[in-house]
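Residues per chain, in single letters:
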Amino acid sequence: MSYHFSKTVSLPFDKAVAATTEALKNHGFGVLTQIDVKDTLNKKIGADFRPYLILGACNPKLAFEALTLEDKIGTMLPCNVVVQQHQGGAVEISAVDPVASMGAIENEKLGAVAGKVRELLKQVVAEVA
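All values reported here derive from a predicted model rather than from experimental measurement. (Residues numbered from 1 in each chain as written. Predicted model: local features only at pLDDT ≥ 70, side-chain atom pairs only at ≥ 80, totals over all residues. Heavy atoms only, no water.)

1. Some details on the sheet that holds strand 1 (residues 4–9)
Item 1. Pairing is antiparallel in the open sheet, where 5 strands are placed in the order 1-5-4-3-2. Two strands close off the open sheet at either side, each with one partner strand: strand 1 and strand 2 (30–36). Each strand axis lies, on average, 20° off the axis of its neighbour in the sheet, ignoring direction.
Item 2. Together, strand 2 and strand 3 (52–58) form the strand contacts of helix 2 (residues 37–45), whose direction differs from that of strand 2 by roughly 40°.
Item 3. Its contacts with the sheet put helix 5 (residues 108–127) on strand 1, strand 4 (79–85) and strand 5 (91–96), and the angle it makes with strand 1 is roughly 10°. (Pairing = 2+ DSSP bridges. Helix = DSSP H or I, 4+ residues; strand = E, 2+ residues; numbered from the N terminus. Axes fitted to C-alpha atoms, helices over the stretch in contact; angles between N-to-C directions. Contact = heavy atoms within 4.5 Å.)

Listed below in structure tokens is the structure:
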């Protein structure tokens, strides 16, 4: 089982970020955090890295449901979605598969919530064009 699902898009990096953020919003997610990996690595260790942005996405209703089922699930929240530009300019959108990441937790009800989040995140990735 893969821990993510991904898609390469024919958009410039900044437009892919905007389209991904909008698709997340359309499926009930907000972006709580944005980590600019390129900028962070440059500032912290002087490394030159490609454009790589981690969006910390949260669907409040589903997060609340998960938190009421498993109080430590916050260690796995929010759901990360990555927009990165590869060599040659190709831009890829990737989202965590919450079913894979929560597979170690023995809680069937939580698994059902993870399945809902998985389907929404798959739709988000599929919609970015």
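2. Examining the layout of surface pockets
Item 1. Quantified by volume, the largest pocket comes out at close to 230 Å³.
Item 2. Along the walls of the largest pocket sit 14 residues, with Tyr3, Asn80, Val81, Ala95 and Val96 positioned nearest its centre.
Item 3. When contributions to the lining of the largest pocket are tallied by element, the ones reaching two or more residues are strand 4, strand 5 and helix 4 (98–101).
Item 4. Per-element accounting of the lining of the largest pocket gives the leading share, 4 residues, to strand 4.
Item 5. For the lining of the largest pocket, the class distribution of residues is 10 nonpolar, 4 polar and no charged. (1 Å grid on protein atoms, 1.4 Å probe; cavity = no way out; pocket = protein on both sides within 12 Å on 5 of 7 lines; lining within 4 Å. Points joined across faces, edges and corners; volume = space filled by probe spheres on them. Nonpolar A, V, L, I, M, F, W, Y, C, P; charged D, E, K, R; others polar.)

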